[in-house]
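So the chains spell out like this:
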Amino acid sequence: MGTLLRLIAMRLGLGLITLLIVSILIFFAVELLPGDLAEAVLGQGATDETVAAMREQLGLDRPAPIRYFEWLGGAVTGDFGQSLVTGERVSSAISQRFANTLFLASYAAIIAVPLAIVLGVIVALLRNTVFDRVANVLTLTSISSPEFFLGYILILFLSVRWQVFPSNASLSGGMNLDDLLYRTFLPALTLVLVVTAHMMRMTRAAIINLLASPYIEMARLKGVPPWKRIVHHALPNAWAPIINVVALNLAYLVTGVVLVEVVFVYPGIGQLLVDAVAKRDFPIVQACCLIFAATFILLNLAADVGSILTNPRLRHPK
Amino acid sequence: MTEQNQKNVLLSIRDLHIEGYTGEEWLPIIKGVNLTLHRGEVLGLIGESGAGKSTIGAAAMGFARDGTRISSGSIVFDGIDLTTASREDKRALRGARIAYVAQSAAASFNPAHKIIDQHVEAPVQYRIKKRSEARKDAIELYEKLRLPNPEEIGFRYPHQVSGGQLQRAMTAMAMACRPDLIIFDEPTTALDVTTQIEVLAAIRDIVDEFNTAAIYITHDLAVVAQMADTIKVLLNGEEVEEASTEEMLDHPKEDYTKSLWAVRSFKKPQKARPKDSEPLISVRGVDAAYGGGLKVLDDVSFDIHAGMTVAVVGESGSGKSTAARVMTGLLPPRKGEILFKGEVLPPRYRDRSKDQLRQMQMIYQMADTALNPQVRISEIIGRPAQFYSGLKGTRLKQRVDELLDLIEMEPSQYYNRYPPELSGGQKQRIGIARALAAEPSFIICDEVTSALDQLVAEGILKLLDRLQRDLGLAYMFITHDLATVRAIADEVVVMQNGQVVEQGPKEEMFKPPHHPYTDLLLSSVPEMDPNWLTRLLEERGVDNVGEAAEV
């Protein structure tokens, strides 16, 4: 078990280093954008003096590396500074939005991940049959349609024509969980449609890849029925690639949902980011990007650890 | 055939044809084979790779591997025709009445489940036994097969158990439902000779005890002689001949069978060390380990003289290949040094001069993986010639032609071809030509014949012998096959657990008295005598057969 812990600690360390590099990239990429808040706020009629005064007031006149370290120091303690537009603390502006995004992502994930794996197992079992082909075509279609398009199609049918679910997923205080799940069903369904295909196809591929291995043939020659060969003999050895794809898709659910949030007017972090970029509210942009990066790194780390844990050679050393 | 005999027929295969799909068309693999197996009888199927042994073995279970199909003929198992039986009916036979033991137990046990859980799968599924009873029975079988710690060994994962033990555990698994027939598909091919004996003895005992019929598939004549009542020889999907084991060994009728028997006869005369000459290569007091791990080599020393063949023998894990890695500079030793013509070689290959590198070349066991499949033969051989000798243009082409001539392959025919288009033996020849291209004085041959069929391997050995005489090469021959050692070695180095336990001229090594380990190795090589195993077990005493109970 000692080696396993060391391995995890090492991955964690590497993740932190990656995060540090990403924070440098984020900070200086934002620096490189033409124009800054002072210009944006004062508009085109501003004189150079007023812009300079504004910059000084906002602290934008000091050298970038110093501001980077100040920003990083704050970020480590959860303080991302103040919004340049509203003056609100960035952490409080983001926290509720991020919680909303996590809620929507979990909602979609809880449906999509088991669905994808079960479907993947079924199509692997029924490979090269009509069911397999139809499932492949349908999932390919859903994966290759842009999510806003899927969203509008769902709205068209489920809320406009049949009026089963609301098209507007904006939240208000004091909603109970049933309400919440009901109001956010359409955006969640859209996300499910987008991510299921990828995970299902990987599950299918990972299992089929193993079907030629000697231990599957052995199971076959022992008279083990087909479904059990797949579920009991192939699947336990196929987890590593499946877990990696699941992690990638979970990361997408957190960081790639901007369009879906816009379509359904959902108050998530993606919408906040889009607004902040438009208003040149750099502290918020930087904080959002850093959170996205951390999510990606954390999920990939979890996937690494997960695939290590499913390897019996590492779980049960000699 | 008497009526009594008729009743006892368990499996009857008539005029079996099996075809394989090449991607374009169906080609015949098995061309009309007949086979009759009585209850309790053990039939040995032998032949070279591609002869169709395993295909027939699988067909006996009504099973055709992906990409193959049973095109005609009948396979009748105890009154059920497997060619017409439904998929479910066939499945119900497998594991219950016909069981299978695969070549590589390490690959055929599912790495994700405990051994005993895989063992009880079939009996529980067929409702022959409850899980707890099946487990108890498994432990009894483990004990019968002389596995160490039978109470506990099943509760391990496959990677936690050695190859020989796994192979016995797989035999136990095949016995779980007390089948009428077991197919053994090369069950000891991947094992060391010393381990092979234990597995052979265990298999034979248990097959006798339960009076199980078996089809024993192997390419090793001496092994089949120990196991089978009847032997059937196959060649290219057709039967060559069938007879009782003794009849077959003493009076083979067909030329092909005789040629198989004769393979072991190649032997080159032994050369003695030239007097007071300096060794070409000296390994002096070498300790080596991978990373910070345990010592894999412990104070290893031996000399190789110019123009001589030194065979390094030992079981897998004894440090043979590691010694080669140290000599070539791939693995710098912890202690000790390598001398070439009396001159100390830098421990790392990076620090060696081009000339030092040129002198020492390697030929690998798996020609398949040692040759880049995307590179033409001309380039595979041409590159070292260019690198070491700086040849270009027509002179390079000339050199490649010359090398192809040396390995007895027609240059115009092979110059532009790619490795996948060649047979196993041809690939190994290309590997030899690539080593020769550097004009070395010393070649390390790492198990170069163990992946090849006997006749092909014999061809390679003869070629190496001729090259040695023509070019004055020295060989270090790493092998676990003592028949190969007998054939071509001048001197022998015996290794065990990273140490040299004995070394000397071949004739001395094969004559008693031996170091006890050399003795164990030598006596473990199967002989053509059908009573060899029985006699050996008596000599050793049955209890000494199993591995020492330490695990």
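Residues numbered from 1 in each chain as written. Chains lettered and ligands numbered in written order. Predicted model: local features only at pLDDT ≥ 70, side-chain atom pairs only at ≥ 80, totals over all residues. Heavy atoms only, no water.

Okay, the overall build of chain B next. Within chain B one finds 25 helices and 20 strands. Taken against the 2.2 N^0.38 rule, which gives 24 Å for 551 residues, the C-alpha radius of gyration of chain B at 25 Å falls within 12% of a compact globule. In chain B, buried positions account for 55% of the 551 residues. Long-range pairs, those at least 24 residues apart, make up 70% of the contacts in chain B with a sequence separation of at least 6. Taken as a whole, chain B presents about 23600 Å² of accessible surface, with 47% of it coming from carbon and sulfur. Distance between charge centres in chain B, computed from 64 positive and 79 negative side chains, equals 5 Å. (Helix = DSSP H or I, 4+ residues; strand = E, 2+ residues; numbered from the N terminus. Rg over C-alpha atoms; globule rule 2.2 N^0.38 Å. Buried < 20%, exposed > 50% of the residue type's maximum accessible area, 1.4 Å probe, protein only. Contact = heavy atoms within 4.5 Å. Areas by Shrake-Rupley, 256 points an atom, 1.4 Å probe, with all protein chains shown as cover. Lys, Arg positive; Asp, Glu negative; His and termini not counted. Charge placed at Lys NZ, Arg CZ, Asp CG, Glu CD.)

A tally of regular secondary structure across chain A gives 15 helices and zero strands. Summarising its shape, the C-alpha atoms of chain A cover approximately 85 × 60 × 35 Å along the three principal directions. Here chain A holds 318 residues, and the buried ones make up 43% of them. Contacts in chain A between residues at least 24 apart in sequence constitute 74% of all its contacts with a sequence separation of at least 6. Summing over all exposed atoms, chain A offers an accessible surface of approximately 16100 Å²; the carbon and sulfur share of this is 68%.

Before going further, it helps to spend a moment on the confidence of the model for chain A. Looking at chain A as a whole, its pLDDT mean stands at 84, while 94% of the residues score no less than 70. Mean pLDDT values for the elements of chain A range from 67 in helix H2 (residues 37-42) of chain A up to 92 in helix H10 (residues 214-221) of chain A. (pLDDT = per-residue confidence, 0-100.)

Further remarks concern the nonpolar core. Counting 90 residues, the largest nonpolar core has B:Leu11, B:Tyr142, B:Leu181, B:Ile183 and B:Ile215 as the members making the most contacts within it. A total of eight residues in this core trace back to one element, the largest contributor, which is helix H10 (residues 193-209) of chain B. A:Val30, A:Ala64, A:Val123 and A:Val195 belong to the second-largest nonpolar core, a separate cluster that totals 69 residues. (Core = buried A, V, L, I, M, F, W, Y, C linked by side-chain atoms within 4.5 Å.)

Bringing the state of the cysteines into the picture now. Residue and element names in this part refer to chain A. For the structure on display, the rule yields zero disulfides over all chains. Residue Cys288 stays outside any disulfide, its sulfur separated by 6.8 Å from that of Cys289, the closest cysteine. For Cys288, a relative accessible area of 0% gives the class buried. (Disulfide = S-S within 2.5 Å.)

Between chain A and chain B, the contact holds 21 residues from the first and 26 residues from the second. When chain A packs against chain B, close to 2400 Å² is buried across both sides, 57% of that on carbon and sulfur atoms. A per-residue breakdown of the area chain A buries against chain B is headed by A:Met218, A:Leu221 and A:Lys222, which together make up 30% of the total. Viewed at the interface, chain B and chain A are joined by four salt bridges. (Buried area = accessible area lost by both parts, 1.4 Å probe. Salt bridge = Lys/Arg side-chain N within 4 Å of Asp/Glu carboxyl O.)

Frequently, the measure chosen for interface size is the accessible area removed from exposure when the parts meet. All names here are of chain B. For chain B, the assigned domains read domain 1 (3-262) and domain 2 (281-370 + 441-511). Taking only C-alpha atoms into account, the centre of domain 1 sits 36 Å from that of domain 2. Taking both sides of the interface into account, the surface hidden between domain 1 and domain 2 amounts to around 800 Å²; carbon and sulfur atoms contribute 40%. A per-residue breakdown of the area domain 1 buries against domain 2 is headed by Glu48, Asp192 and His219, which together make up 49% of the total. Inspection of the domain 1/domain 2 interface yields zero salt bridges. Our count for the domain 1 to domain 2 interface comes out at one residue pair in polar contact (both at pLDDT 80 or more). (Domains from an automatic or database assignment. Polar contact = N/O pair within 3.5 Å; in protein donor to acceptor, adjacent residues only side chain to side chain.)

Residue and element names in this part refer to chain B. The phi dihedral of Arg146 falls on the positive side, at around 60°, and the residue is not glycine. Despite not being glycine, Lys341 shows a phi value in the positive range, around 50°. Following the sequence through the fold, Lys341 ends up in the loop between strand S14 (335-340) and strand S15 (343-344).

Turning to the pairing of strand S13 (residues 309-313) of chain B, a few remarks are in order. All names here are of chain B. A large share of S13 lies buried, amounting to five of its five residues. Burial of the side chains of S13 extends over both faces: Thr309, Ala311 and Val313 are buried on one face and Val310 and Val312 on the other. Where S13 and strand S18 (residues 474-479) come together, five bridges link them in parallel fashion. Bridge pairing links Thr309 to Tyr475 in S18. (Pairing = 2+ DSSP bridges.)

In this section: the pattern of salt bridges. Per the counting criterion, the structure on display carries 41 salt bridges over all chains. One salt-bridge network, in which partners are shared between bridges, spans B:Arg39, B:Asp78, B:Arg97 and B:Asp180.

Right, let's get into helix H17 (residues 377-389) of chain B. Residue and element names in this part refer to chain B. With 13 residues, H17 extends 18 Å from end C-alpha to end C-alpha; this agrees with the ideal 18 Å at 1.5 Å per step. Taken together, the buried positions of H17 are occupied by Ile377, Ser378, Ile380, Ile381, Gly382, Pro384 and Ala385. At the C-terminal side of H17, Gly390 shows a positive phi close to 65°. (Expected span 1.5 Å × (residues − 1).)

Let us now look at the sheet that holds S13(B). All names here are of chain B. Here we have six strands laid out as an open sheet, ordered S16-S17-S18-S13-S19-S20, and mixed in their pairing. Each edge of the sheet is formed by a strand with only one pairing partner; in this case those strands are strand S16 (360-363) and strand S20 (499-505). Taken over all neighbouring pairs, the strand axes of this sheet differ in orientation by 15° on average, direction set aside. Here helix H20 (residues 424-437) sits on the sheet in contact with S16 and strand S17 (442-446), set at roughly 175° to S16. Where helix H21 (residues 454-471) meets the sheet, its contacts fall on S13, S16, S17 and S18, and the angle it forms with S18 comes to roughly 155°. (Axes fitted to C-alpha atoms, helices over the stretch in contact; angles between N-to-C directions.)

Glancing now at the confidence of the model for chain B. Residues and elements named next belong to chain B. In this model, chain B carries a mean pLDDT of 87, and residues with pLDDT of at least 70 account for 96%. Across chain B, element-level confidence peaks in helix H5 (residues 115-119) with a mean pLDDT of 94 and bottoms out in helix H1 (residues 3-7) with 60. This model gives residues 544-551 a pLDDT under 50, and the stretch forms 14 contacts once residues within four places in sequence are excluded.

Turning our attention to the packing of aromatic side chains. Inspection of the entire model under this criterion finds 13 aromatic pairs over all chains. Seen from their ring centres, A:Phe165 and A:Phe185 are 4.3 Å apart, and the 25° between their planes marks the pair as stacked. Here A:Phe165 is found in the loop between helix H7 (147-161) and helix H8 (177-183), whereas its partner A:Phe185 is found in helix H9 (residues 185-210), with 20 residues between them in sequence. On the accessibility criterion, A:Phe185 (21% relative accessible area) is partly exposed. Here the aromatic residues A:Phe27, A:Phe28, A:Tyr68, A:Phe69 and A:Trp71 are joined through ring pairs into a cluster of three or more. For the cation-ring pair, B:Arg69 lies above B:Trp26, with the distance from its terminal atom to the ring centre recorded as 4.0 Å. Geometry around B:Tyr415 places B:Lys397 over its ring, the cationic atom sitting 4.6 Å from the centre. (Phe/Tyr/Trp six-rings, centres within 6.5 Å; stacked < 30°, edge-to-face > 60°. Lys NZ or Arg CZ within 6 Å of the ring centre and 35° of its normal.)

Sites flagged by UniProt as "domain: ABC transporter" (unreviewed entry) map to residues 13-261 and 281-522 of chain B. Regarding residues 13-261 of chain B, the helix share stands at 39% and the strand share at 27%, and the terminal C-alpha atoms are separated by 27 Å. (UniProt positions renumbered as here; feature names shortened; annotations may be inferred.)

A packed helix pair is summarised by two numbers, namely the angle formed by the two axes and the spacing between the axes. All names here are of chain B. At a minimum axis separation of 9 Å, helix H9 (residues 163-175) and H10 run at an interaxial angle of 15°. As far as their axial angle goes, H10 and H9 are roughly parallel. Here the hand of the crossing between H9 and H10 comes out right-handed. Facing H9, whose interface residues are Gly164, Gln167, Arg168, Thr171 and Met175, H10 presents Thr195, Glu198, Val199, Ala202, Ile203, Ile206 and Val207. Of the residues that constitute the contact of H9 with H10, the class distribution is six nonpolar, four polar and two charged. (Parallel < 35°, antiparallel > 145°, perpendicular 65-115°, else oblique. Left-handed = near helix turned anticlockwise from the far one by under 90°. Nonpolar A, V, L, I, M, F, W, Y, C, P; charged D, E, K, R; others polar.)

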